[in-house]
Amino acid sequence: MAKVSTSNFRTGMVIEVDNELYSIVDYQHVKPGKGGAFIRTKLKGVVNEKNIEKTFRSGEDVIEVRVEHQPYQFLYRDGNLYYFMHQETYEQLPVEEERVEKAEFIAEGQVCTLVVDVDNEKILYAHPPDHIVATVADTRPGLKGDTAQGGSKPATLESGATVQVPLFINEGEKIKVDTRTAEYIERVTSN
């Protein structure tokens, strides 16, 4: 972990504030007419997702944390551990259930992103891709005439997640889902 001056802040940089990791979303250098200059920042929690605003004195040193986003393939779940495999080295890593975000969208064989604190070699969290193609495992059948108003119905995916889908979607069909909002995007047709 290297100390970095506030004058070297840039968007996306990860810093440690009050023993928590935050990513810089926005920063502004402010030089009032009276008094010393300061840096006003908007920070987003890397692990806890909290959004905060913090002001730093100009030239103040903070700890920069090197974070990498690495692709790992999900293999299986054993108890409260999720096992992921690196795509090139075939190294397998267990990740605790509380560090896996949106676990209901993760299916076997899916490539997910593991966010790693490089200096401590510590896995911060794992998350599925923003958009996934999944098979509908269970949904009630759509009836003719139900689609006049463009309604929706719940559907359970192969991974266990439940999303709202249009009435024309049936069991066994593949759909594209946005995992950030848990919303149906489109039906996937294989050519």
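Residues numbered from 1 in each chain as written. Predicted model: local features only at pLDDT ≥ 70, side-chain atom pairs only at ≥ 80, totals over all residues. Heavy atoms only, no water.

The name an unreviewed UniProt entry gives the chain is Elongation factor P, with Fodinibius sediminis as the organism. Check the Function (unreviewed entry) section of the UniProt entry for the chain; it says "Involved in peptide bond synthesis. Stimulates efficient translation and peptide-bond synthesis on native or reconstituted 70S ribosomes in vitro. Probably functions indirectly by altering the affinity of the ribosome for aminoacyl-tRNA, thus increasing their reactivity as acceptors for peptidyl transferase." The UniProt entry for the chain carries this comment under Sequence similarities (unreviewed entry): "Belongs to the elongation factor P family." (UniProt positions renumbered as here; feature names shortened; annotations may be inferred.)

K.L.:
Any details on the overall build of the chain? Residues and values, ideally.
P.N.:
For the chain, the count of helices and strands is zero helices and 16 strands. Scaling as 2.2 N^0.38, a compact globule of 191 residues should have a C-alpha radius of gyration of about 16 Å, whereas the chain reaches 22 Å, well beyond that. Considering only C-alpha atoms, the chain reaches an extent of 70 × 45 × 30 Å along its principal axes. Expressed as a percentage of the 191 residues in the chain, the buried residues total 36%. Counting only carbon and sulfur atoms, one obtains 44% of the accessible surface of the chain, whose full area is about 11,500 Å². Within the chain, the 31 negative side-chain charges are centred at a point lying 8 Å from the centre of the 22 positive side-chain charges. (Helix = DSSP H or I, 4+ residues; strand = E, 2+ residues; numbered from the N terminus. Rg over C-alpha atoms; globule rule 2.2 N^0.38 Å. Buried < 20%, exposed > 50% of the residue type's maximum accessible area, 1.4 Å probe, protein only. Areas by Shrake-Rupley, 256 points an atom, 1.4 Å probe, with all protein chains shown as cover. Lys, Arg positive; Asp, Glu negative; His and termini not counted. Charge placed at Lys NZ, Arg CZ, Asp CG, Glu CD.)

K.L.:
For the nonpolar core, give the residues involved together with the corresponding values.
P.N.:
In this structure, Phe74, Tyr82, Phe84, Val95, Val100, Leu114 and Ile123 are the most contacted members of the largest nonpolar core, which totals 14 residues. Those elements that provide at least two residues to this core are strand S7 (67–78), strand S8 (81–86), strand S9 (92–96), strand S10 (111–117) and strand S11 (122–127). Take this core: its biggest share by element is three residues, from S10. Apart from the residues lying within four places of it in its own chain, the contact partners of Val100 are Tyr82, Phe84, Val95, Ile106 and Ala126. Of all hydrophobic cores here, the second largest spans 12 residues; its members include Ile132, Ala134, Ala155 and Val163. (Core = buried A, V, L, I, M, F, W, Y, C linked by side-chain atoms within 4.5 Å. Contact = heavy atoms within 4.5 Å.)

K.L.:
I'd like a description of the layout of surface pockets, backed by residues and values.
P.N.:
If you add up the space inside the largest pocket, you get close to 460 Å³. Residue lining of the largest pocket: 25 residues in total, with Lys44, Val46, Glu49, His69 and Tyr125 positioned closest to the centre. Among the elements that make up the lining of the largest pocket, the one with the highest residue count is strand S3 (residues 20–30) (three residues). Here the lining of the largest pocket spans two domains, and each of domain 1 (2–64) and domain 2 (68–127) adds at least three residues to it. (1 Å grid on protein atoms, 1.4 Å probe; cavity = no way out; pocket = protein on both sides within 12 Å on 5 of 7 lines; lining within 4 Å. Points joined across faces, edges and corners; volume = space filled by probe spheres on them. Domains from an automatic or database assignment.)

K.L.:
Go over the environment of Ile185, please, and point to the residues and values.
P.N.:
Tracing the backbone through its elements, the reader meets Ile185 in strand S16 (residues 183–188). For Ile185, a relative accessible area of 37% gives the class partly exposed. If we skip the residues at most four places from it in the chain, Ile185 touches His131, Lys176, Val177 and Asp178.

K.L.:
Now, about unusual backbone geometry: what can you tell me, with residues and values included?
P.N.:
Of note in this structure, Asp18 is not a glycine but carries a positive phi near 55°. Note on placement: Asp18 falls in the loop between strand S2 (14–17) and S3. The exposure class assigned to Asp18 is exposed, which follows from its relative accessible area of 67%.

K.L.:
An account of the pairing of strand S12 (residues 131–139) is needed here, citing residue identities and associated values.
P.N.:
Both S12 and strand S15 (residues 174–178) contribute to a ladder of five bridges, which runs antiparallel. The residue bridging Val133 from the neighbouring strand is Lys176, located in S15. As defined by bridge partners, S12 adjoins strand S13 (residues 152–157) across three bridges and the pair is classed as antiparallel. Paired with Val136 across the two strands is Leu157, which belongs to S13. (Pairing = 2+ DSSP bridges.)

K.L.:
Please provide a residue-by-residue account of the environment of Glu97, values included.
P.N.:
Position of Glu97 among the secondary structure elements: in the loop between S9 and S10. In the structure, Glu97 is positioned 67 residues away from Gln164 in sequence and 25 Å away in space, judged by C-alpha atoms. In this view, Glu97 contacts Arg77, Asn80 and Tyr82; residues no more than four positions away in its chain are not counted.

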